[in-house]
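Here is what each chain is made of, one letter per residue.
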Amino acid sequence: MTRGVAILGSTGSVGTTALRVLARHTDRFRVAALTAHSNAVLLREQVDRFHPAYVGIVHDGPNGAGADSGDWRTGPECLIEAAVRTDVDIVLNAIVGAAGLDATLAALDSGKRVALANKETLVMGGSLVAEARRRGGGDLVPVDSEHSAILQCLAGRPETEVRRLVLTASGGPFRDWPADRIESATLDDALRHPTWRMGRKITVDSATLANKALEVIEAHYLFGLPFDQIDVVVHPQSVVHSLVEFVDGSVLAQLGAPSMEVPVLYSLTHPDRAADAAVPAFDPVAASPLTFERVRDDAFPALRLGIAAGRQGGAAPAVFNAANEEAVGLFTAGRIRFGDIARSIADALDAFGGLPSRSRSEVLAADAAARRHVREMF
Ligand code: NAD
Ligand code: MG
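For clarity, every value in this text was computed on a predicted model and none was experimentally measured.

Engineer: Hey, could you go over the packing of aromatic side chains for me, with residue numbers and the actual values?
Structural biologist: Tallied over the full model, the rule gives 3 aromatic pairs. A centroid spacing of 4.5 Å and a plane angle of 50° characterise the contact between phenylalanine 174 and tryptophan 177, whose relative ring orientation is tilted. Look at phenylalanine 331 and phenylalanine 338: their rings are 5.5 Å apart centre to centre, the planes differ by 75°, and that puts the pair in the edge-to-face class. Three or more aromatic residues joined by ring pairs form one cluster here, namely Phe174, Trp177, Phe331 and Phe338. One cation-aromatic arrangement involves arginine 181 over tryptophan 177; the distance from NZ or CZ to the ring centre is 3.6 Å.

Engineer: Explain the coordination of the magnesium ion (ligand 2) residue by residue, including any values.
Structural biologist: Looking at the metal site, the magnesium ion (ligand 2) is ligated by Asp144 (OD), Glu146 (OE) and Glu215 (OE), spaced 2.1 to 2.2 Å from it. Going along the chain, you hit the donors of the magnesium ion (ligand 2) in the pattern D-x1-E-x68-E. The same class applies to aspartate 144 and to glutamate 146, which are both buried.

Engineer: I'd like a rundown of the pattern of salt bridges, residues and numbers included.
Structural biologist: Evaluated as defined, the whole model comprises 30 salt bridges. Its salt-bridge partner being arginine 44, residue aspartate 48 comes within 3.4 Å of it at the nearest N-O pair. Placement of the pair is aspartate 48 and arginine 44 together in helix 2 (residues 40–50), with a separation of 4 residues, close to one helical turn. With a relative accessible area of 45%, aspartate 48 lands in the partly exposed category. Of the residues examined, arginine 44 reaches a relative accessible area of 25% and is grouped as partly exposed. Across the pair glutamate 215 and lysine 212 runs a salt bridge, and its minimum N-O distance is 2.7 Å.

The rules behind these values
Residues numbered from 1 in each chain as written. Chains lettered and ligands numbered in written order. Predicted model: local features only at pLDDT ≥ 70, side-chain atom pairs only at ≥ 80, totals over all residues. Heavy atoms only, no water. Phe/Tyr/Trp six-rings, centres within 6.5 Å; stacked < 30°, edge-to-face > 60°. Lys NZ or Arg CZ within 6 Å of the ring centre and 35° of its normal. Donors = N, O, S within 2.8 Å, 3.2 Å for Na, K, Ca; no water. Buried < 20%, exposed > 50% of the residue type's maximum accessible area, 1.4 Å probe, protein only. Salt bridge = Lys/Arg side-chain N within 4 Å of Asp/Glu carboxyl O. Helix = DSSP H or I, 4+ residues; strand = E, 2+ residues; numbered from the N terminus.

This is the structure in structure tokens:
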């Protein structure tokens, strides 16, 4: 019996990667549902190729392929509809940003596996996600390469045996730039990621290192370890995807060429592995040298701010995430400077970091307040 997979955000970088992987594993998986934000042309191609039973597009433009076809669902509700269908076993949440929250909660509430690329929603609603998981009995498996690496290294050992998680970071395009030059980096500079080809928002997040802050908080919620036991190290080659240090001093790492195909497939098969001959053999000599550096905290303030927000708890992680998302939007629209992204985050955290986050509505209120605050700063 094949397992049904819903891909939310199928037209994005992770979504298209997932379809490439699924096309090779039709013996195990079937594409049951696809949703996209607005790229109707690409969604139409995907539907013609994979024939999902359910198709949703959040924004169907005037010439949208969905409107003509008649059977595509529209509006933000389509994300939830796709996530809870009975023919869906696994929901791959590859949406970018806070928009993915309700679909994650709905899928977990109805007992599905959520293969989570959409780290922003775990950061903003960590405790809501944990509750939905408990209530519905669903499971949450990371797609993010660092967290996939950690999950594989942990191999089911209890957290009492773990001394420390070490997340690797490529360092982004500004790894060796002086701080004052980073301050006024352009969008083109920020989009020149050295090792990964990804969507725009995460590429900018990788340049500020806000992405690594989101990942530290993501690791805290996924693996239940305190922030003191989660470190970050710069590793420019992106070959060692992360490390786990155990209490006896032994350190395990997971390695591979930087390709999201491997963690995407693992998120679907975990704890099993599926043979995939399309992934080339790993050549340690070709991958050499592998180097590691400390993070330059002073040059990348967003990392420190995000980790502090994670430690603070309450709505602070949601405020960090929302302020960052809003500021990245303004930066990509050419309205603020690169350095203003971290300034926006700091300001929003000062103003709203202390808000409560006991319910979905409190989390959304903190998210909205942070966004409004950032828009009004400029
Ligand atoms: P992307 O911008 O390439 O794709 C985003 C997808 O989400 C698109 O299909 C789009 O249609 C959909 N989408 C956007 N806004 C939406 C909305 N409001 N409602 C519904 N759908 C919406 O982004 P990406 O690079 O694929 O990243 C997706 C997620 O995966 C992000 O959370 C990112 O941090 C995470 N991630 C990405 C990579 C990578 O290699 N790209 C690696 C690790 C984690
Ligand atoms: Mg990552």
